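Structure at a glance
This is what each chain is made of:
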Amino acid sequence: MATQSSSNSQAKKSNGAKPVSEPSHPMTDQMKASLHASIDKLADTAGVAEENIRQTATSSAQNMAARKKLAEQKWQESKVRAFAVENPVTTAGLAFAAGMLVTSLLRKAK
């Protein structure tokens, strides 16, 4: 009898029932909507952050290029460069002497 009553109730559901317009799982649908809203908000925030990072990177690259150009310009006008170009052997000797001095100072510090 238990089998008959359960089969009868299933037959009633499938035979005469209209399609249900309301969701059969309201909690899941509510969570789904909430998660979609959270993802959309996160995507918007990430988009703004990406734009800020790109603008900062572009600005930094332009700033570094300008500083490099200024440093190269100062080097070209430098008296040290002019001396090194005019006296290459003397410059090499001075560099060697400076290296020896730094080495001896570092050995004494140990």
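The structure displayed is predicted, hence computed values, not measured ones. (Residues numbered from 1 in each chain as written. Predicted model: local features only at pLDDT ≥ 70, side-chain atom pairs only at ≥ 80, totals over all residues. Heavy atoms only, no water.)

**A short note on the overall build of the protein chain**
A tally of helices and strands in the protein chain yields four helices and zero strands. Ordered by position from the N terminus, the helices and strands of the protein chain form the series α-α-α-α. Counting over 110 residues, the protein chain shows a buried share of 1%. A total accessible area of about 10,400 Å² is found for the protein chain, and carbon and sulfur atoms account for 62% of it. (Helix = DSSP H or I, 4+ residues; strand = E, 2+ residues; numbered from the N terminus. Buried < 20%, exposed > 50% of the residue type's maximum accessible area, 1.4 Å probe, protein only. Areas by Shrake-Rupley, 256 points an atom, 1.4 Å probe, with all protein chains shown as cover.)

**Observations regarding the pattern of salt bridges**
What the rule picks out here adds up to one salt bridge. With its nearest N and O atoms 2.9 Å apart, the salt bridge here joins Glu 50 to Arg 54. Of the two residues, Glu 50 and Arg 54 both sit in helix α2 (residues 26-77), four residues apart, roughly one turn of that helix. Accessibility expressed as a relative area gives 41% for Glu 50, which makes it partly exposed. The class of Arg 54 is exposed, set by a relative accessible area of 54%. (Salt bridge = Lys/Arg side-chain N within 4 Å of Asp/Glu carboxyl O.)

**Focus on the packing of helix α3 (residues 79-86) against helix α4 (residues 88-109)**
The interhelical angle for the contact between α3 and α4, taken along N-to-C directions, is 115°, at an axis separation of 5 Å. Here α3 is positioned roughly perpendicular relative to α4, judged by the angle of their axes. For the pair α3 and α4, the contacting residues are Phe 83, Ala 84, Val 85 and Glu 86 in the first and Pro 88, Thr 90, Thr 91 and Leu 94 in the second. (Axes fitted to C-alpha atoms, helices over the stretch in contact; angles between N-to-C directions. Parallel < 35°, antiparallel > 145°, perpendicular 65-115°, else oblique. Contact = heavy atoms within 4.5 Å.)

**Focus on α4**
Taking 1.5 Å per residue as the helical rise, α4 with its 22 residues ought to reach 32 Å, and the 32 Å between its terminal C-alpha atoms agrees with that figure. Of all 22 residues making up α4, only zero are buried, and the element is barely covered by its neighbours. (Expected span 1.5 Å × (residues − 1).)

**Comments concerning the confidence of the model for the protein chain**
Taken over all residues, the pLDDT of the protein chain has a mean of 84, while the share at 70 or more is 78%. Ranking the elements of the protein chain by mean pLDDT puts helix α1 (residues 2-16) last with 48 and α2 first with 94. Here residues 4-14 is a poorly scored stretch, pLDDT under 50, and it has one contact once near neighbours within four places are set aside; other chains count. (pLDDT = per-residue confidence, 0-100.)

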